[in-house]
Amino acid sequence: MSTKVSLGTVDITELRRLFDTLLMLRMESKNVTAVTVYCTGGKRRWLIATDELSIVITGDTARFEGAYRLPLTIVANAGRHGASGGDVTFTVTDNMVSAESSLGVQTLPCSQIPIPTPHRSPVTRSRVWAQLGGKELTHVVFSGANPPFEAGLADDDEQSKNPDHFLIAIEDGRLSVSSDWSTAKLYLMRATSTAETHGAGQVKVDPDFLSVIFNCVDHDSTWKLSFDPKQPHEIVLESDTQYIVAEMTMTPSVKLHERLVKVLEREQFEFDTAADGSIGVRHEGVVVSVHVFDRAGEDTPMVRLTTVIARDANESTDLLREINDHNKSGAVTRLWFADNAVHSAIDLLADNLSVFSSRIRHLVGEAQRLSGILEPFAAEPAISTPRRKRRRSVRTEPLPQVWD
C-alpha cells in the first residue's frame, strides 16, 4: 500500500530563498548533493550543508513526520524565477517526491532519512555580536569588502594581488568592515554602520563569505552576525528565517591543527583530541600535549609540545638548580616548575613541521631520561617560604584528558 506524505504548500518567498542559496553554491562550485527537509516546532525546515557552510531555512507552518532528502533539481526548479508560476505543493509517495504548481507537476526520486541535528555554533561568554537590518548589513559589507571599481583596470594587473581576507570588527554600537587593496596597487577600504552590539572583537574572513552575504541576506529581515574572537573558527548569520554557520574565517591555527592530525595519522601515533582542541599523544608510555595557539602580532601560529617530568614535586633548591642548569645548557627542551610538578616543552613554528614527529620522540626520550635525574631532587624538602621573593608564575597548559 502506498504511503503519501504532504510536505506542505511552499510560497514563492520561501522558494526564492531556497533557489538563491542553491544558485550561490552552484556558482561557487560548492559540493552539495541534496536538500533535506524536515519539520520541528511546527515549522518546515530546509537544511543545506557543505564542508564550509550549514544553512537552515525556516519555512511556514507544517506537520509531517521524518526527514526527506530531495534532489536539488526539484527544489531549484520550484524556486527558479518565473518557473513555477506561484506556490508549490510538495508530496512524497513511495520514495518519489512531486512538486505541483499551477503550471504542472514534476516528480523525482527522493529518500527518507532520520531527522538531522543541524550544526549550531556554541554560545560562549566571549562571543560578540552585532544586530542590524539586512539592507544595512549588505551595504556595509559591500562597501568595505567588495572589490574596488578600479580593480582589474590597470595595465600591469598581472603583477598585483587581491587581498586574501577582509576584516569584520564589532565595537560599541558599530559594525565595521575593511579590506586592504594595497597589494592590488589600490587602497584601504573601510565601511561602518550603526548596530546593536554585544562585546567587541574582530575576525579575518575569507572573501568567499561575500557570496553568502549577497545571496542569503534579505533586506527586510533583522540579522545578527556573531563570532568568538578567542576561537574564531566559525562566523554565524541568523535571522528569524535563517541560521547560517560558515567556516570561512581565516584562522591559521585551525589549518595548522588539521596538518598536525594528518602527520600523527601518517606516523601512526596513538593520539586523541580533547574538547578544547588540544591533542594528546601517547608514545612509549609518556603523554605529550600538543597545543596550537596564535601569537600576538604574528601571522604564523606556534605549536607547543608539553609533558610532565615529575608530579607531586617539592620546589627544592637542588631541583631548581637542576632546572636552571638544563635550561642554560642549550637543550632543545626547556623545563620549569609549576603546580607542584616539573614540566618540559618544545616550541615549533608552523613552517617547521617536518620535525614535528621527531620532536615528539625527542621530548618523550628526554622525559624518560630526566625523570630519573629530577625525581630524587623533587622529593627533597621544599624551600622555606618565609621572606621568599615572589616569582612570576608560568602559565601551564594541562595535559588533555583523552584516555581513561
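Residues numbered from 1 in each chain as written. Predicted model: local features only at pLDDT ≥ 70, side-chain atom pairs only at ≥ 80, totals over all residues. Heavy atoms only, no water.

Trainee: Would you mind showing me how to read the overall build of the protein chain here?
Mentor: Broken down by element type, the protein chain carries seven helices and 24 strands. Its C-alpha atoms give the protein chain a radius of gyration of 28 Å, clearly above 22 Å, the size a compact globule of 404 residues would have. Considered along the principal axes of its C-alpha atoms, the protein chain spans approximately 90 × 65 × 45 Å. Split into buried and exposed, the 404 residues of the protein chain put 45% on the buried side. Of the contacts made within the protein chain by residues no fewer than 6 positions apart, 65% connect residues no fewer than 24 positions apart. Separation of charge centres in the protein chain, based on 43 positive and 54 negative side chains, amounts to 5 Å. (Helix = DSSP H or I, 4+ residues; strand = E, 2+ residues; numbered from the N terminus. Rg over C-alpha atoms; globule rule 2.2 N^0.38 Å. Buried < 20%, exposed > 50% of the residue type's maximum accessible area, 1.4 Å probe, protein only. Contact = heavy atoms within 4.5 Å. Lys, Arg positive; Asp, Glu negative; His and termini not counted. Charge placed at Lys NZ, Arg CZ, Asp CG, Glu CD.)

Trainee: When you look at helix α7 (residues 356–378) in this model, what are you seeing that I'm missing?
Mentor: Helical periodicity: at 3.6 residues per turn, an α-helix aligns residues three or four positions apart in one direction. Remark: the principal bend of α7, roughly 40°, maps to Ser-371. Those residues of α7 lying buried are Phe-356, Ser-357, Ile-360, Leu-363, Val-364, Glu-366, Ala-367, Leu-370, Ser-371, Leu-374 and Ala-378. (Bend = angle between axes of the 7 residues up to and from the residue.)

Trainee: Would you explain the nonpolar core in this entry?
Mentor: Nonpolar side chains in soluble globular proteins tend to end up buried together. Membership of the largest hydrophobic core comes to 61 residues, with the highest contact counts inside it found for Trp-46, Leu-70, Phe-90, Leu-137, Ile-168, Phe-209 and Leu-237. The element contributing the most residues to this core is helix α1 (residues 12–27), with six residues. Setting aside residues no more than four positions away along its own chain, Trp-46 makes contact with Val-10, Glu-14, Leu-18, Val-35, Thr-36, Val-37, Ile-55, Val-56, Ile-57, Leu-70, Val-75 and Phe-90. Residues Phe-269, Val-288, Val-342 and Ala-378 belong to the second largest nonpolar core, which totals 34 residues. (Core = buried A, V, L, I, M, F, W, Y, C linked by side-chain atoms within 4.5 Å.)

Trainee: Please explain the pattern of salt bridges as it appears in this structure.
Mentor: When the charged atoms of two side chains lie near each other, side chains of opposite charge can form a pair. Applying the stated rule across the entire model yields eleven salt bridges. Glu-171 is the salt-bridge partner of Arg-174, the closest N and O atoms lying 2.9 Å from each other. Among the residues examined, Arg-174 registers a relative accessible area of 36% and is labelled partly exposed. Its relative accessible area of 27% is what places Glu-171 among the partly exposed residues. Among the charged side chains, a salt-bridge network with shared partners connects Lys-30, Glu-52 and Asp-208. (Salt bridge = Lys/Arg side-chain N within 4 Å of Asp/Glu carboxyl O.)

Trainee: Help me understand the packing of aromatic side chains, please; the structure alone is not making it clear to me.
Mentor: When we look at a pair of aromatic rings, we describe it by the centre distance and by the angle of the planes. Summed over the entire model, instances satisfying the criterion amount to three aromatic pairs. Seen from their ring centres, Phe-64 and Tyr-68 are 6.5 Å apart, and the 50° between their planes marks the pair as tilted. Among the residues examined, Phe-64 registers a relative accessible area of 7% and is labelled buried. The class of Tyr-68 is buried, set by a relative accessible area of 4%. A cation sits over an aromatic face here: Arg-120 above Tyr-243, 3.8 Å from the ring centre. (Phe/Tyr/Trp six-rings, centres within 6.5 Å; stacked < 30°, edge-to-face > 60°. Lys NZ or Arg CZ within 6 Å of the ring centre and 35° of its normal.)

Trainee: Before we go on, may I ask you to explain the confidence of the model for the protein chain in this structure?
Mentor: Residues shown with low pLDDT carry predicted positions that ought not to be read at fine detail. Summing up the model confidence of the protein chain, the mean pLDDT is 88 and the portion of residues at 70 or higher is 91%. Across residues 386–395 the pLDDT falls below 50, and counting only partners more than four positions away or on other chains, this stretch makes five contacts in the model. (pLDDT = per-residue confidence, 0-100.)

Trainee: Would you explain the sheet that holds strand β12 (residues 174–180) in this entry?
Mentor: For sheets, the rule is that strands pair by backbone hydrogen bonds, running either parallel or antiparallel. Pairing is antiparallel in the open sheet, where four strands are placed in the order β13-β12-β11-β15. Bordering the open sheet on either side are β13 (188–194) and β15 (201–205), each of which pairs with just one other strand. Strand-to-strand twist across the sheet, computed as the mean angle between neighbouring axes with direction ignored, equals 15°. Sheet topology places β12 next to β13; seven bridges connect them, and they run antiparallel. Paired with Ser-178 across the strands is Arg-190, a residue of β13. (Pairing = 2+ DSSP bridges. Axes fitted to C-alpha atoms, helices over the stretch in contact; angles between N-to-C directions.)

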